[in-house]
Amino acid sequence: MRHLPYFCRGEVVKGFGRGSKELGIPTANFSEQVVESFPSDISTGIYYGWACVGNGDVHKMVLSIGWNPFYKNIKKSVETHIIDTFKGDFYGEILSIVILGYIRSEKNFSSLEALISAIQEDIEEAKRQLDLPEHLKLKEDNFFRLPEGKPVNH
Ligand SMILES: Cc1cc2nc3c(=O)[nH]c(=O)nc-3n(C[C@H](O)[C@H](O)[C@H](O)COP(=O)(O)O)c2cc1C
Ligand SMILES: Nc1ncnc2c1ncn2[C@@H]1O[C@H](COP(=O)(O)OP(=O)(O)O)[C@@H](O)[C@H]1O
Ligand SMILES: [Mg+2]
């Protein structure tokens, strides 16, 4: 897919607070500045890749780009669910990600349960894909080890 792999980093900001509360799946939302810096022709939808908070460990992630049709958001969001457990929130921190592959388009669902189970399947698909050698190698990319303040893309 065009634009992939896509490297990006930026600040984690507040969203609608639905991820943890309604879905049980927190998503770290990027600032508007980062959302606007994305290529305008990158497809909306669900992706997988690697993510790291500050200078922390690199984890598997799933990413949602778009308007969340189930919630009919007016503003586009780019949200990362890191496939690991964190002790608390990390609002205001710098999140670094590399997007490696596309899973599916964003959908509307007839129930919250249906949305949650679709996301659970995305997580399982991401875990499988990221174990492939071609994807594992990006976990070690220098992008995740550079000091903050480096260019947003390379
Ligand atoms: C892997 C993944 C898949 C998602 N798929 C959809 C989807 O198909 N349709 C949708 O409306 N929202 C989808 N979402 C977005 C959630 O609706 C969103 O993360 C949630 O509303 C939390 O938003 P908040 O960060 O503003 O609280 C997905 C999120 C993730 C992490
Ligand atoms: N595994 C995780 N993946 C993503 N964010 C997490 C995770 N664990 C804790 N968080 C925290 O939870 C916040 C996201 O929760 P969420 O309910 O989606 O709220 P918001 O609507 O403000 O984005 C993130 O900004 C981050 O600080
Ligand atoms: Mg969120």
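Look above for the structure.
Summary of the structure given here.

Rules and cut-offs
Residues numbered from 1 in each chain as written. Chains lettered and ligands numbered in written order. Predicted model: local features only at pLDDT ≥ 70, side-chain atom pairs only at ≥ 80, totals over all residues. Heavy atoms only, no water. Donors = N, O, S within 2.8 Å, 3.2 Å for Na, K, Ca; no water. Tetrahedral: all angles 85-135°; square planar, octahedral: opposite > 155°, others 65-115°. Near = heavy atom within 4 Å. Polar contact = N/O pair within 3.5 Å; in protein donor to acceptor, adjacent residues only side chain to side chain. Areas by Shrake-Rupley, 256 points an atom, 1.4 Å probe, with all protein chains shown as cover. Helix = DSSP H or I, 4+ residues; strand = E, 2+ residues; numbered from the N terminus. Nonpolar A, V, L, I, M, F, W, Y, C, P; charged D, E, K, R; others polar. Buried < 20%, exposed > 50% of the residue type's maximum accessible area, 1.4 Å probe, protein only. Pairing = 2+ DSSP bridges. Axes fitted to C-alpha atoms, helices over the stretch in contact; angles between N-to-C directions. Salt bridge = Lys/Arg side-chain N within 4 Å of Asp/Glu carboxyl O.

In this section: the coordination of the magnesium ion (ligand 3). Only Thr27 (O), Thr27 (OG1) and Asn29 (OD1) from the protein reach the magnesium ion (ligand 3) as donors, at distances of 2.1 to 2.2 Å. Of note is the magnesium ion (ligand 3), whose 6 donor atoms meet at the metal with angles of 80 to 169 degrees in an arrangement that counts as octahedral.

This brings us to the site of ligand 2. By nearness alone, 20 residues border ligand 2, and Gly15, Gly17, Ser20, Phe90 and Tyr91 come closest of all. A distance of 2.7 Å separates an oxygen atom of ligand 2 from a polar atom in the backbone of Gly15. In the model, an oxygen atom of ligand 2 is placed 2.7 Å from a nitrogen or oxygen of the Tyr91 side chain. Across the complex, the protein chains shield 95% of the 560 Å² of accessible surface that ligand 2 would expose by itself. Contributing elements (two or more residues each) for the shell around ligand 2: α1 (18-23), β2 (28-30) and β5 (77-82). Of all the elements, β5 adds the most residues to the shell around ligand 2, at 3 residues. Of the residues that constitute the shell around ligand 2, the class distribution is 8 nonpolar, 9 polar and 3 charged.

Here the focus is unusual backbone geometry. The amide bond that connects Leu4 to the next residue, Pro5, takes the cis arrangement and shows omega of 0 degrees. Considering the arrangement of structural elements, one finds Pro5 in the segment before β1 (6-13). With a phi angle near 80 degrees, His3 is a residue other than glycine that sits in the positive phi range. Residue classification places His3 among the partly exposed positions, given a relative accessible area of 26%.

Let us now look at the site of ligand 1. Near ligand 1 you find 23 residues, and of these Arg18, Phe70, Glu79, Arg104 and Lys107 are the closest. One of the backbone N or O atoms of Pro69 is found 3.1 Å from an oxygen atom in ligand 1. Lys107 is positioned such that a nitrogen or oxygen atom in its backbone is 2.7 Å from a nitrogen atom of ligand 1. Contact with the protein chains covers 99% of the free accessible surface of ligand 1, which is 640 Å². Looking at the shell around ligand 1, the elements with two or more residues in it are α1, β4 (59-66) and α3 (112-130). Grouping the amino acids of the shell around ligand 1 by side-chain chemistry returns 10 nonpolar, 7 polar and 6 charged.

On to the sheet that holds β4. Around the barrel, which closes on itself, the 6 strands sit in the order β1-β2-β5-β4-β3-β6 with antiparallel pairing between neighbours. Neighbour-to-neighbour, the strand axes of the sheet open up by a mean angle of 45 degrees, direction not taken into account. With 2 bridges connecting them, β2 and β5 associate as antiparallel partners. The partner of Asn29 across the bridge, within β5, is Glu79.

Next up on the list: the pattern of salt bridges. Opposite charge on two side chains makes pairing possible when the charged atoms of those side chains draw close. Counting across every chain of the model gives 6 salt bridges. Between Arg2 and Asp41 there is a salt bridge whose closest N-O contact spans 2.4 Å. With a gap of 39 residues between them, Arg2 in the segment before β1 and Asp41 in the loop between α2 (32-37) and β3 (45-53) connect regions that are remote in the sequence. Residues Glu124 and Lys127 are paired through a salt bridge, measuring 3.3 Å at the closest nitrogen-oxygen approach. Within this pair, Glu124 and its partner Lys127 are both found in helix α3, separated by 3 residues, close to a single helical turn. Judged by relative accessible area, Lys127 falls into the partly exposed class, the value being 30%.

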